[in-house]
Amino acid sequence: MAIKIFIDQGHNPENVNAGAEGNNLREQDITYNVGIYLRDLLNNDSRFEARTSRNTPTEILGYNNTSSLRARVDAANSWPANYFISLHCNASDNPNYNGTEVYVAQAFSQAYYLAEYILNAIVARVGTRDNGVRINPSLYVLRNTTMPALLVEMGYITNFEDAQKLRDDQYQFAYAIYEGLLTYFGFSPQA
Ligand SMILES: [Zn+2]
């Protein structure tokens, strides 16, 4: 049986629930593309089966912030997925803030260990700063999913160097998340 991975590309293409902007980039475009790359990597590996929350660049989920998040959670819970990965880009008023961080609801959980492998793979492959795995049980998608769930803040869209990586290395971000999954499950690169 394939391991079912639900990939939530954070945000909608436009309001409601649009993403952050910076350096002439939009978070929701980056998360959409990385999600599609990751879905295809996983679906080309017989050990996995993947679905995305947004299946076209123009698809809008929900009618406000909460219902947009709920639609993503409901799709994962009703499948049901074995793991939930939400993709985001961070933003700050301080353009110096940079790096990758991964959020989970609880320390030393399955999601926590998977988050560590994914974070390490992104830092190694893309070269972002390691901001660590962080605990935040209040995040909607982490609180309401019924499977191990994590939220990846791939980099800061408001930081010039991170933004270049988010623009140019979208496949590498996806491949790093795939590598993190392989390591977590103890799988060799391709079956
Ligand atoms: Zn976001």
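This section reports on the structure supplied with the text. Please read these numbers as outputs of a predicted model, since none were measured by experiment.

1. Description of the side chain of N131
And then number 1: Following the sequence through the fold, N131 ends up in strand β7 (residues 130-135).
And then number 2: A polar contact of 3.2 Å, which involves the side chain of N131, links it to the side chain of R129.

2. Overview of the coordination of the zinc ion
And then number 1: Protein-derived ligands of the zinc ion are H11 (NE2), E27 (OE) and H88 (ND1), with the metal-ligand distances lying across 2.0 to 2.1 Å.
And then number 2: The motif formed by the donor residues of the zinc ion, counted along the single chain, is H-x15-E-x60-H. Taken together, the residues H11 in the loop between β1 (3-9) and β2 (21-22) and E27 in helix α1 (residues 27-43) connect sequence positions 16 residues apart.

3. Brief notes about the pairing of strand β4 (residues 48-52)
And then number 1: Burial along β4 is one-sided: the face carrying F48, A50 and T52 is buried and the face carrying E49 and R51 is not.
And then number 2: Both β1 and β4 contribute to a ladder of five bridges, which runs parallel. The residue of β4 that forms the bridge with I5 is A50.

4. A look at unusual backbone geometry
And then number 1: That bond from N15 to V16 is cis: its omega, 15°, falls within 30 degrees of zero.
And then number 2: Backbone geometry places N24, a non-glycine residue, at a positive phi of 60°.
And then number 3: Along the chain, N24 turns up in the loop between β2 and β3 (25-26).
And then number 4: The backbone of F108 sits at a positive phi, close to 55°, despite the residue not being glycine.
And then number 5: Here F108 is to be found in the loop between β6 (100-104) and α3 (110-126).

What counts and what doesn't
Residue numbering note: each chain is counted from 1, following its sequence as written. For a predicted model such as this one, the threshold for reporting local features is a pLDDT of at least 70, and the threshold for listing and counting side-chain atom pairs is 80 or more; totals across whole chains, interfaces and linings nevertheless cover every residue. Side-chain figures throughout are based on the complete set of non-hydrogen atoms in the structure, without hydrogens or water. Numbering goes from the N terminus for both helices and strands, where a helix is a DSSP run of H or I of at least four residues and a strand is a run of E of at least two. Each polar contact in these results corresponds to two N or O atoms within 3.5 Å; when the atoms are within protein, one needs to be able to donate a hydrogen and the other to accept it, and residues that are neighboring in sequence are counted only if both atoms are side-chain atoms. The rule for donors is simple: N, O or S, within 2.8 Å of the metal, or within 3.2 Å if the metal is Na, K or Ca. Water isn't counted, so a site may look like it is missing partners. Between buried and exposed lies partly exposed: a residue is buried under 20% and exposed over 50% of the maximum accessible area for its type, with that area taken using a 1.4 Å probe on protein chains only. Note on pairing: DSSP must find at least two bridges between two strands before they are called paired.

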